[in-house]
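Residues per chain are reported as follows:
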Amino acid sequence: MLTLDNHILFWLENDLLSFAISAILAGIIIPKIILIAFRKNLFDEMNERKIHHSLVPRLGGIAFFPAMLFSVLLIIAINLRMESGIMSLALTPKLVPVFFEVCAIILLYLVGIADDLISVRYMAKFIVQIISAILLVCSGMYISNFYGILWIHDMPMWLSLIITAFIVVYVVNAINLIDGIDGLASGLSTIALIFYSVVFFQGGEYIYSIIAAGTAGTLFPFFYYNVFGDAKKQKKIFMGDTGALTTGMVLVFCAITVMCAKPDFLDVDYNPAIVALSPLIIPCFDVFRVYFHRVRKHRNPFLPDKCHIHHKLLALGFNTTAALLLILGASVAFIGVNVLLSPYINPTLLLLCDVVLWTGGNILLTRAIRHRESKTGLDLYH
């Protein structure tokens with residue numbers, strides 16, 4: 001019979017193993033992908049939107065899903081082979097949502113590879129994202145309660161299914177679109193995944209914690225090659241659509257699971273909706289602002305440009321490292337403040353404060369850019 005301390009230690013070891021195995025495997029695979037990409041001339045195209053000025057492969061995300069899946073399945077298989085009753089007991093009720101999630105990720109993984117290699121039309125990717133969202137909803141994981149956000153609590157099933165599918169597509173695209181400077185999408189995703197892993201671990205949702213930890217593990221070696229790699233020495237790589245879409249799917253699965261499973265430690269103090277949303281605030285708020293910025297400028301809202309939050313910071317003269325650190329720091333701040341205040345402040349008011357803070361910060365950045373443009377005579381942001 002496991003004592004409470006041994007029980008916690010057992011799951012902590014599995015979390016750490018999931019992270020470590022994923023990190024090691026991705027660290028082995030990614031250099032091989034870089035080697036193949038350079039031998040086969042598989043590079044990210046350079047244009048006026050891109051910040052990089054060297055040939056860089058965009059296939060890093062190919063390593064993410066296989067490394068995570070191998071790590072998670074290996075850990076589960078070893079525990080079951082050793083006839084671990086505790087693993088079997090925890091795993092059984094999670095099989096249906098996890099299997100549906102894996103199916104959804106496989107679809108996004110395949111369309112991501114196709115897009116990174118030969119380019120896929122946006123509408124085709126959008127259709128696959130909708131199908132993936134439907135698969136997740138079919139697993140029984142859908143948001144039926146907003147826990148007071150916008151004064152909404154329980155919702156009818158038909159509305160829950162529609163809103164959940166919309167949120168899945170929205171978050172997946174938000175992660176994809178925020179991938180504009182080295183380390184940004186992977187950094188924000190790593191912070192979110194580690195946070196979700198801790199939430200699941202403390203709440204007794206150990207299988208989900210292992211999945212979140214394993215996914216975070218794949219991003220660590222990628223972050224190194226993406227941020228610190230030298231393109232001239234053929235050591236740099238981007239995650240591409242494959243990595244962004246699959247990582248986004250894991251993140252939205254974690255967020256929805258927090259709201260559906262409502263881990264035990266959330267029962268008394270923390271608002272599940274705020275806990276679920278907080279790690280995704282920056283990519284979700286940014287894509288919403290960018291969409292309406294493009295509409296206001298009479299541009300196609302679905303065509304890429306240079307008006308994301310990181311483009312604003314670069315226009316102010318920050319280098320990519322400084323811009324990355326500022327945005328990652330802001331993400332940590334949003335998570336920490338929101339979670340700590342959620343037991344004491346109405347969730348709608350707290351979310352409104354986030355919106356006001358984000359909007360006010362963007363207005364100040366825009367004014368600073370216009371001031372700099374008037375001094376330099378250059379068109380820095382539009």
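The preceding data block contains the structure.
Model, not experiment: these values are computed from the prediction.

The rules behind the values
- Residues numbered from 1 in each chain as written.
- Predicted model: local features only at pLDDT ≥ 70, side-chain atom pairs only at ≥ 80, totals over all residues.
- Heavy atoms only, no water.
- Helix = DSSP H or I, 4+ residues; strand = E, 2+ residues; numbered from the N terminus.
- Rg over C-alpha atoms; globule rule 2.2 N^0.38 Å.
- Expected span 1.5 Å × (residues − 1).
- Buried < 20%, exposed > 50% of the residue type's maximum accessible area, 1.4 Å probe, protein only.
- Phe/Tyr/Trp six-rings, centres within 6.5 Å; stacked < 30°, edge-to-face > 60°.
- Core = buried A, V, L, I, M, F, W, Y, C linked by side-chain atoms within 4.5 Å.
- Contact = heavy atoms within 4.5 Å.
- Axes fitted to C-alpha atoms, helices over the stretch in contact; angles between N-to-C directions.
- Parallel < 35°, antiparallel > 145°, perpendicular 65-115°, else oblique.
- Left-handed = near helix turned anticlockwise from the far one by under 90°.
- Nonpolar A, V, L, I, M, F, W, Y, C, P; charged D, E, K, R; others polar.
- Polar contact = N/O pair within 3.5 Å; in protein donor to acceptor, adjacent residues only side chain to side chain.
- Patch = residues over 30% accessible without salt bridge, like charges linked within 9 Å, V, L, I, M, F, W, Y side chains within 5 Å.
- Areas by Shrake-Rupley, 256 points an atom, 1.4 Å probe, with all protein chains shown as cover.
- Salt bridge = Lys/Arg side-chain N within 4 Å of Asp/Glu carboxyl O.
- Disulfide = S-S within 2.5 Å.

**Q** Tell me what's going on with the overall build of the chain, and back it up with residues and numbers.
**A** Helix and strand content of the chain: 14 helices and zero strands. Counting from the amino terminus, helix and strand elements in the chain follow one another as α-α-α-α-α-α-α-α-α-α-α-α-α-α. A compact globule built from 382 residues would reach a C-alpha radius of gyration of about 21 Å, and the chain, at 21 Å, matches this within 12%. Seen through its C-alpha atoms, the chain measures out along the principal axes to roughly 75 × 55 × 35 Å.

**Q** A description of helix 7 (residues 184-202) should follow, citing residues and the corresponding values.
**A** Look at helix 7: 27 Å from first C-alpha to last across 19 residues, which is about the 27 Å you get at 1.5 Å a residue. Extensive coverage of helix 7 is indicated by the burial of 15 of its 19 residues. The first or second residue beyond helix 7 is Gly204, which carries a positive phi of 80°.

**Q** Describe unusual backbone geometry, and please don't skip the residues or the numbers.
**A** Glycine aside, residues mostly have negative phi angles, and peptide bonds mostly take the trans form. With a phi close to 75°, Ser119 is a non-glycine residue in the positive phi region. On the secondary structure map, Ser119 appears in the loop between helix 4 (95-118) and helix 5 (122-138). Exposure remark for Ser119: the relative accessible area of 53% places this residue in the exposed category.

**Q** Go over the packing of aromatic side chains with me, naming the residues and quoting the values.
**A** Summed over the entire model, instances satisfying the criterion amount to 17 aromatic pairs. When the centroid spacing of 6.0 Å and the interplanar angle of 55° are considered together, the rings of Phe195 and Tyr196 count as tilted. Pair check on accessibility: Phe195 and Tyr196 agree, each one buried. Measuring from ring centre to ring centre gives 6.4 Å for Phe223 and Phe228, while their planes differ by 70°; the resulting arrangement is edge-to-face. Residue classification places Phe223 among the partly exposed residues on the basis of a relative accessible area of 21%. Aromatic rings pair up to connect Phe10, Trp11, Phe201 and Tyr206 into one cluster.

**Q** Would you mind going over helix 2 (residues 64-81) in detail, with residue names and values included?
**A** Taking 1.5 Å of rise per residue, 18 residues should cover 26 Å, and helix 2 covers 26 Å from first to last C-alpha, within 8% of that figure. Buried residues of helix 2: Phe64, Phe65, Ala67, Met68, Ser71, Val72, Ile75, Ile76 and Asn79, and no others. Phi turns positive one or two residues past the end of helix 2, at Glu83, with a value near 55°.

**Q** I'd like a description of the nonpolar core, backed by residues and values.
**A** Grouped together as the largest cluster of nonpolar side chains are 107 residues, with contacts concentrated most on Trp11, Ile30, Val168, Leu193, Tyr196, Ile207 and Met249. When residues in this core are grouped by element, the largest group, twelve residues, is from helix 9 (residues 240-261). Every residue in contact with Val168, bar those within four places of it in the chain, is listed here: Ala133, Leu136, Met249, Val252 and Ile256.

**Q** Give me the lowdown on the packing of helix 5 against helix 6 (residues 157-177), citing residues and values where you can.
**A** Here helix 5 crosses helix 6 at 130°, and the two axes come no closer than 9 Å. Taken together, the axes of helix 5 and helix 6 lie oblique to each other. Note that helix 5 runs across helix 6; the crossing there is right-handed. Residues Tyr122, Phe126, Gln129, Ile130, Ala133, Leu136 and Val137 of helix 5 pack against Leu161, Thr164, Ala165, Val168, Val169, Val172 and Asn173 of helix 6. Across the contact of helix 5 with helix 6, the residue classes break down as eleven nonpolar, three polar and no charged.

**Q** Outline the side chain of Thr247, listing residues and values.
**A** Along the chain, Thr247 falls in helix 9. Since its relative accessible area comes to 2%, Thr247 is described here as buried. A distance of 2.7 Å separates a polar atom in the side chain of Thr247 from the backbone oxygen of Gly243. Beyond its immediate chain neighbours, meaning those up to four positions away, Thr247 contacts Phe64, Ser189 and Leu219.

**Q** Quick rundown of the environment of Val199? Include the residues and the values.
**A** Structurally, Val199 is set in helix 7. Separated by 62 residues in sequence, Val199 and Val137 have C-alpha atoms that sit 22 Å apart.

**Q** Which residues make up a nonpolar patch on the surface, and what are the values?
**A** A surface patch of nonpolar side chains, amounting to about 390 Å² of accessible area, comprises Phe70, Leu74, Ile78 and Met82. Overall, Phe70 belongs to the partly exposed group, its relative accessible area being 44%.

**Q** Just give me the short version of the state of the cysteines, but keep the residues and values in it.
**A** Summed over the entire model, instances satisfying the criterion amount to zero disulfides. The thiol sulfur of Cys284 is not disulfide-bonded, and the nearest other cysteine sulfur, from Cys254, lies at 14 Å.

**Q** Before we move on, can you summarise the packing of helix 7 against helix 13 (residues 320-341) with the specific residues and values?
**A** A pair of packed helices can be characterised by two numbers: the angle between their axes and the separation between those axes. Two numbers describe how helix 7 lies on helix 13: the axes approach to 9 Å, and their chain directions differ by 25°. It follows that helix 7 is roughly parallel to helix 13 by the angle criterion. You can see that helix 7 and helix 13 cross each other, and the crossing is right-handed. Within the contact between the two elements, helix 7 uses Leu184, Gly187, Leu188, Ile191 and Phe195 and helix 13 uses Leu324, Ile327, Leu328, Ser331, Val332, Ile335 and Val339. Here the residues of the contact of helix 7 with helix 13 are counted per class, giving ten nonpolar, two polar and no charged.

**Q** Break down the pattern of salt bridges for me, citing the residues and quoting the values.
**A** If you walk through the whole model with that rule in mind, you get eight salt bridges. Linking Lys236 and Asp182 is a salt bridge whose minimum nitrogen-to-oxygen distance equals 2.7 Å. Taken as a pair, Lys236 in the loop between helix 8 (206-228) and helix 9 and Asp182 in the loop between helix 6 and helix 7 lie far apart in primary sequence, 54 residues in all. The exposure class of Lys236 is buried, given its relative accessible area of 9%. Accessibility expressed as a relative area gives 23% for Asp182, which makes it partly exposed. The partner of Arg370 in a salt bridge is Glu373, with the nearest N and O atoms 2.9 Å apart. Of this pair, Arg370 and Glu373 both sit in helix 14 (residues 347-376), separated by three residues, roughly a single helical turn. Through salt bridges with shared partners, a single network forms among Arg58, Asp115, Asp116, Lys125 and Asp241.

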